[in-house]
Amino acid sequence: MALLEVRNLHVSYGQIAALHGVELEVNEREIVTLIGANGAGKTTTLNAISGLLRPDRGLVMLEGIDLSTLPPHQIVSRGVVQVPEGRHVFARLTVLENLEMGGFTVRGKAEIPRRIEQVFELFPRLRERRGQLAGTLSGGEQQMLAMGRGLMAGPKVLLLDEPSMGLAPVLVDTIFDTVRRLHSQGTTILLVEQNARMALQVADRGYVLQTGRVVLSGTAAELQAHDAVREAYLGVG
Amino acid sequence: MTTVTTLRARFGAATGNPFSGGAWRIPVRYGAVAGVTAVFVSLIGMVEAFSRREVIETAVSMDQVLLLVITGTAGYLAASRFAARGIGKSVIAATLSGVIATLFLLALLVLGDRINLRQVLLNASPSLYLELTFGKGLGTGAGLLALQIIAGAVGSGLIALLPPAPRRALLIGLTVVAGMGILHDLMSLTFQNWGPLSVLDTWLYSSTGLKVRGASALFLIFGGWSLLWAMKGPQIRERSKTLPLARSAARPVALLAALVLLAALPQILGLFLSEVLVLVGLAALMALGLNIVVGMAGLLDLGYVAFFAIGAYTMAILTSSELAFFGFNFWAALPLAILAGVVTGVLLGVPVLRMRGDYLAIVTLGFGEIVRLLVLSDALRPWLGGAQGIGRIPRPEIGSFEFVSSQQVYYLVLGGCVFAAFISWRLKGSRLGRAWLAIREDEDVAAAMGINRVYFKLLAFAAGAAFAAMSGAIAASRLGIIYPHSFSLLISINVLAIVIIGGMGNIPGVVIGAFALVGLPEILREFGDFRWLVYGAALVGMMLLRPAGLWPEAIRKRELTARPAGVPETPSTSPSAGDTS
Ligand SMILES: Nc1ncnc2c1ncn2[C@@H]1O[C@H](COP(=O)(O)OP(=O)(O)OP(=O)(O)O)[C@@H](O)[C@H]1O
Ligand SMILES: [Mg+2]
């Protein structure tokens with residue numbers, strides 16, 4: 001049984017359907033990437049998994065238990081944590097306060113400092129800037145903070161929505177390095193990316209989403225070799 | 001935020017802006033604003049009305065203080081904008097602003113001399129001109145006026161150039177003298193009220209104003225104290241840190257002293273000021289509640305008066321002998337009134353859960369009006385009294401002690417405020433407070449963080465409503481009778497203003513805000529409608545100078561002083577830092 005399973009997921013915004021029966025699964029300790037063009041429904045899929053959107057139909061199962069009717073805070077406490085698109089950090093709070101907020105669902109006082117320490121090991125840059133207001137961090141630092149804050153909740157599955165968006169190439173590399181490190185430490189990740197080339201390099205498997213449907217899936221190597229993917233998403237003709 | 005930042009930059013003190021060519025326009029502009037203001041207060045009759053009051057007997061009258069404050073502010077600001085360019089240029093800038101301001105007043109004098117302005121401007125009376133020219137006629141008088149205004153502007157400019165410690169000492173000394181002079185009647189009354197203090201009255205005041213010795217003593221004591229504190233304060237604080245015993249003892253002792261002082265206050269202050277304190281306390285109680293909703297959780301509630309009304313009406317219905325429904329006493333009714341507030345708080349909360357910002361404001365505003373119209377309605381008259389309200393609400397009593405006069409009700413209100421402040425403080429530091437903070441800062445991220453928005457928002461509404469209902473219940477039993485008209489939208493607005501002016505989210509700030517917005521207008525009652533003018537101007541000025549409130553929450557304060565994105569707040573010493581900025 002996969003750790004996270006999405007079955008026949010339908011989501012609509014009012015009258016307009018955005019997802020038409022998305023199916024995907026993420027196994028434990030896997031990085032799975034969801035790629036697709038703008039408006040394909042990637043963010044919608046993640047929001048439906050994390051409970052921010054209520055699906056019309058379908059199941060979101062974590063370890064065999066359906067989450068699709070639970071409110072977002074319960075989904076977080078069960079271990080599905082989303083790092084939202086566009087680096088939403090608490091701009092007026094410091095780096096440290098942001099991280100503490102990320103551990104809101106964590107029980108036990110001693111656990112929080114321990115996790116903060118882990119995040120700082122992963123992102124030494126954040127340690128240097130622990131007292132700085134999150135709103136004054138650079139874009140890359142804010143992305144690191146958003147990821148670190150997501151990790152604070154101790155996720156079983158981390159949902160990353162376009163972590164490389166709008167970053168300079170050097171920072172994109174840093175972010176993907178971190179994703180790799182998280183993977184090597186055993187974190188399970190569902191990674192949404194526009195940057196299909198990078199995403200397929202770090203991922204174990206991938207799904208291609210097109211207008212609300214999964215049109216292709218396979219191992220990262222298979223997708224990288226697939227003609228249609230090469231043409232549409234990797235820019236190779 | 002950008003507007004605030006530019007305003008700060010414009011009004012900011014000596015920050016050493018690199019001026020471009022048109023720098024001299026700045027003092028001219030300040031002078032012109034001051035001049036127009038001075039002419040304005042003259043023509044609305046303020047100068048003339050104030051001229052009858054002396055701040056320091058025979059030497060300084062209140063209208064002179066008024067004009068000096070207006071033109072002195074211009075000189076002060078002009079000089080501090082030029083501080084970086086050296087003393088000479090700063091003094092010239094201050095002088096220039098004084099001259100410009102004078103020109104406006106002179107124009108008024110000359111114009112008034114030629115034309116009879118009185119046909120249009122009622123207050124352009126001969127006595128105004130007499131007052132402005134010191135009764136010396138246009139020629140000499142105008143010269144004296146110019147001299148006084150310019151000297152005031154230059155003097156204020158010089159104050160602005162002083163180092164911070166003596167500058168603060170001077171300003172504090174002058175403010176205390178002016179304040180004590182202006183509040184002469186009130187202070188005299190208060191001093192006479194209590195034996196040991198009544199000597200102070202005759203020593204400080206004559207029948208018309210402060211004696212010169214009183215003014216000098218006040219100036220020296222308060223200015224000197226500020227100066228001393230500036231020099232020795234850091235040392236004292238440092239030393240108390242190294243003495244753990246002193247530090248651990250200081251807190252309880254200070255707390256005890258504060259409690260004793262609070263308990264003795266009505267006896268020291270007398271009836272009138274106790275009444276003011278009761279009004280301030282009731283407002284503070286409401287503001288502490290609204291502070292949870294708006295300040296901590298970020299939910300803009302414009303119908304907050306509804307909970308005040310619900311508390312008051314629950315108290316009235318349960319206790320009034322006019323209605324004779326239940327005949328509860330105050331103490332039995334109080335928890336039920338608070339409970340009624342909590343229940344309606346949650347009831348209002350449920351439908352507005354998904355709303356934010358302006359939508360939420362409008363819906364809550366509607367809710368406030370609905371409650372007011374309900375208690376006003378004829379249909380509900382048998383139960384709620386309609387437009388006539390509900391009377392014969394019994395006073396609170398403990399045993400045979402009845403809370404009747406303001407000096408007694410004060411203790412009830414004080415108890416409520418201490419309770420509310422304590423609860424707010426504990427909530428703020430708790431998990432609950434952190435959840436509210438997250439919701440206030442970014443609701444969606446808060447949800448992604450595992451925070452139950454529904455639950456915590458409802459709790460905020462409930463807690464806020466509880467305090468307002470408590471305030472309403474006490475107010476109802478204090479007055480003995482309540483009317484629907486006492487629960488207008490204006491109350492919601494005023495309480496919101498208290499929270500904003502005081503400093504959103506910060507508990508002591510909110511209490512200070514209640515003093516400033518409710519207490520001051522009461523104290524300045526003798527100045528009639530002019531106080532509202534000063535009050536309005538002070539509000540505008542305050543929001544320009546202290547946009548985060550009188551005593552802001554740390555988070556809001558640092559936001560306003562924060563640098564733009566990408567610039568580190570403090571330069572980091574590590575080698576890899578700073579390469580992203
Ligand atoms: N709140 C909304 N209301 C209405 N339609 C929406 C809403 N959010 C998304 N959509 C629509 O749903 C579709 C899928 O959007 P989604 O944000 O999931 O795309 P995406 O794959 O994440 O795109 P991108 O790569 O640009 O982030 C789009 O057609 C979008 O216009
Ligand atoms: Mg998206």
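Residues numbered from 1 in each chain as written. Chains lettered and ligands numbered in written order. Predicted model: local features only at pLDDT ≥ 70, side-chain atom pairs only at ≥ 80, totals over all residues. Heavy atoms only, no water.

1. Quick notes on the overall build of chain A
Across its full length, chain A holds ten helices and ten strands. Against the 2.2 N^0.38 benchmark of 18 Å for 237 residues, chain A shows a C-alpha radius of gyration of 17 Å, consistent with a compact globule. Here the C-alpha coordinates of chain A stretch approximately 45 × 40 × 35 Å along the principal axes. Considering chain A as a whole, with its 237 residues, one finds that 57% of them fall into the buried category. Across chain A, the fraction of contacts at a sequence separation of at least 24, relative to all contacts at a separation of at least 6, is 66%. By element, 49% of the accessible surface of chain A is carried by carbon and sulfur atoms, the whole surface being about 9,500 Å². Between the mean site of the 24 positive side-chain charges and the mean site of the 25 negative ones, chain A shows a separation of 5 Å. (Helix = DSSP H or I, 4+ residues; strand = E, 2+ residues; numbered from the N terminus. Rg over C-alpha atoms; globule rule 2.2 N^0.38 Å. Buried < 20%, exposed > 50% of the residue type's maximum accessible area, 1.4 Å probe, protein only. Contact = heavy atoms within 4.5 Å. Areas by Shrake-Rupley, 256 points an atom, 1.4 Å probe, with all protein chains shown as cover. Lys, Arg positive; Asp, Glu negative; His and termini not counted. Charge placed at Lys NZ, Arg CZ, Asp CG, Glu CD.)

2. Looking at the site of ligand 1
Residue and element names in this part refer to chain A. Taken together, 13 residues lie around ligand 1, and Asn38, Lys42, Thr43, Thr44 and Gln194 are the ones closest in. A distance of 2.9 Å is found between an oxygen atom of ligand 1 and a backbone nitrogen or oxygen belonging to Gly39. A distance of 2.6 Å is found between an oxygen atom of ligand 1 and a side-chain nitrogen or oxygen belonging to Thr43. Of the residues forming the shell around ligand 1, the biggest block, three residues, is contributed by helix α1 (residues 42-50). Taken together, the residues that form the shell around ligand 1 break down as four nonpolar, six polar and three charged. (Near = heavy atom within 4 Å. Polar contact = N/O pair within 3.5 Å; in protein donor to acceptor, adjacent residues only side chain to side chain. Nonpolar A, V, L, I, M, F, W, Y, C, P; charged D, E, K, R; others polar.)

3. Side note on empty space enclosed by the protein
All chains considered together, the criterion is met by two cavities of 30 Å³ or more. Of the pockets and cavities examined, the largest cavity occupies roughly 70 Å³. Taken together, B:Val47, B:Asp63, B:Gln64, B:Leu67, B:Leu68, B:Glu131, B:Leu132, B:Phe134, B:Leu145, B:Gln148 and B:Ile149 make up the lining of the largest cavity. Residue assignment for the lining of the largest cavity shows that the elements contributing at least two residues are α4 (62-81), α6 (126-132) and α7 (138-161) of chain B. For the lining of the largest cavity, the element with the most residues is α4(B), which contributes four residues. Along the lines of polarity and charge, the residues of the lining of the largest cavity split into seven nonpolar, two polar and two charged. Here the second largest cavity is characterised by a volume of approximately 40 Å³. Surrounding the second largest cavity, A:Ser50, A:Leu52, A:Pro72, A:Val76, A:Val80, A:Val81, A:Gln82, B:Ala447 and B:Ala448 form its lining. Sorting the residues of the lining of the second largest cavity by element identifies α2 (72-77) and β6 (80-83) of chain A together with α19 (443-448) of chain B as the ones contributing at least two each. Ranked by the residues each element gives to the lining of the second largest cavity, the list is headed by β6(A), at three residues. (1 Å grid on protein atoms, 1.4 Å probe; cavity = no way out; pocket = protein on both sides within 12 Å on 5 of 7 lines; lining within 4 Å. Points joined across faces, edges and corners; volume = space filled by probe spheres on them.)

4. Description of the domain arrangement of chain A
Residues and elements named next belong to chain A. Split into domains, chain A comes out as domain 1 (4-79 + 155-232) and domain 2 (89-149). The centre of domain 1, based on its C-alpha atoms, is set 24 Å off from the matching centre of domain 2. Taken residue by residue, the interface counts 13 residues in domain 1 and nine residues in domain 2. If you look at where domain 1 meets domain 2, you find zero salt bridges. Counting every contact that joins domain 1 to domain 2 gives zero residue pairs in polar contact (both at pLDDT 80 or more). Of all the secondary structure elements, the ones that give two or more residues to the side of domain 1 that touches domain 2 are α2 and α7 (169-184). In terms of residue count, α7 provides more of the side of domain 1 that touches domain 2 than any other element does, seven residues in total. In terms of residue class, the side of domain 1 that touches domain 2 is built from eight nonpolar, four polar and one charged. (Domains from an automatic or database assignment. Salt bridge = Lys/Arg side-chain N within 4 Å of Asp/Glu carboxyl O.)

5. Overview of the packing of helix α8 (residues 164-182) of chain B against helix α9 (residues 184-193) of chain B
Residue and element names in this part refer to chain B. The N-to-C vectors of α8 and α9 enclose an angle of 80 degrees; their axes lie 5 Å apart at closest approach. On the basis of the axis angle, α8 is roughly perpendicular to α9. Contacts between α8 and α9 involve Met180, Gly181 and Ile182 from the former and His184, Met187 and Phe191 from the latter. Residues of the contact of α8 with α9, tallied by class, amount to four nonpolar, two polar and no charged. (Axes fitted to C-alpha atoms, helices over the stretch in contact; angles between N-to-C directions. Parallel < 35°, antiparallel > 145°, perpendicular 65-115°, else oblique.)

6. Quick word on the sheet that holds strand β5 (residues 65-66) of chain A
Residues and elements named next belong to chain A. Spatially, the four strands line up as an open sheet ordered β2-β1-β4-β5, and their pairing is antiparallel. Only two strands of the sheet have a single neighbouring strand rather than two, namely β2 (16-26) and β5. When strand β1 (residues 4-13) meets strand β4 (residues 57-62), the two strands line up antiparallel, connected through five bridges. Across the sheet, Leu4 pairs through a bridge with Leu62, a residue of β4. The strands that α1 touches are β1, β2 and β4; relative to β1, the one it contacts most, it runs at about 110 degrees. (Pairing = 2+ DSSP bridges.)

7. Some points on the layout of surface pockets
To locate leftover empty space, one rolls a probe as large as a water molecule over the atoms. Residues and elements named next belong to chain B. Here the second largest pocket defines a volume of roughly 970 Å³. Lining the second largest pocket are 27 residues; nearest its centre among them are Leu262, Leu414, Cys417, Val418 and Ala421. Of all the secondary structure elements, the ones that give two or more residues to the lining of the second largest pocket are α12 (244-296), α17 (406-429) and α22 (507-523). Taken together, the residues of the lining of the second largest pocket sort by class into 25 nonpolar, one polar and one charged.

8. Topic: the packing of aromatic side chains
Across all of its chains, the model carries 16 aromatic pairs over all chains by this definition. Judged by centre distance (5.7 Å) and plane angle (75 degrees), the ring pair of B:Phe326 and B:Phe328 falls under edge-to-face. Judged by centre distance (5.2 Å) and plane angle (85 degrees), the ring pair of B:Trp532 and B:Tyr535 falls under edge-to-face. Separated by three residues within a single helix, B:Trp532 and B:Tyr535 lie in helix α23 (residues 530-545), roughly one turn from each other. Classification of B:Trp532 by relative accessible area gives partly exposed; the value is 41%. Among the aromatic residues, those joined into a ring-pair cluster are A:Phe104, B:Tyr455 and B:Phe456. Here the guanidinium or amino end of B:Arg431 rests over the ring plane of A:Phe104, the centre of that ring lying 4.2 Å away. (Phe/Tyr/Trp six-rings, centres within 6.5 Å; stacked < 30°, edge-to-face > 60°. Lys NZ or Arg CZ within 6 Å of the ring centre and 35° of its normal.)

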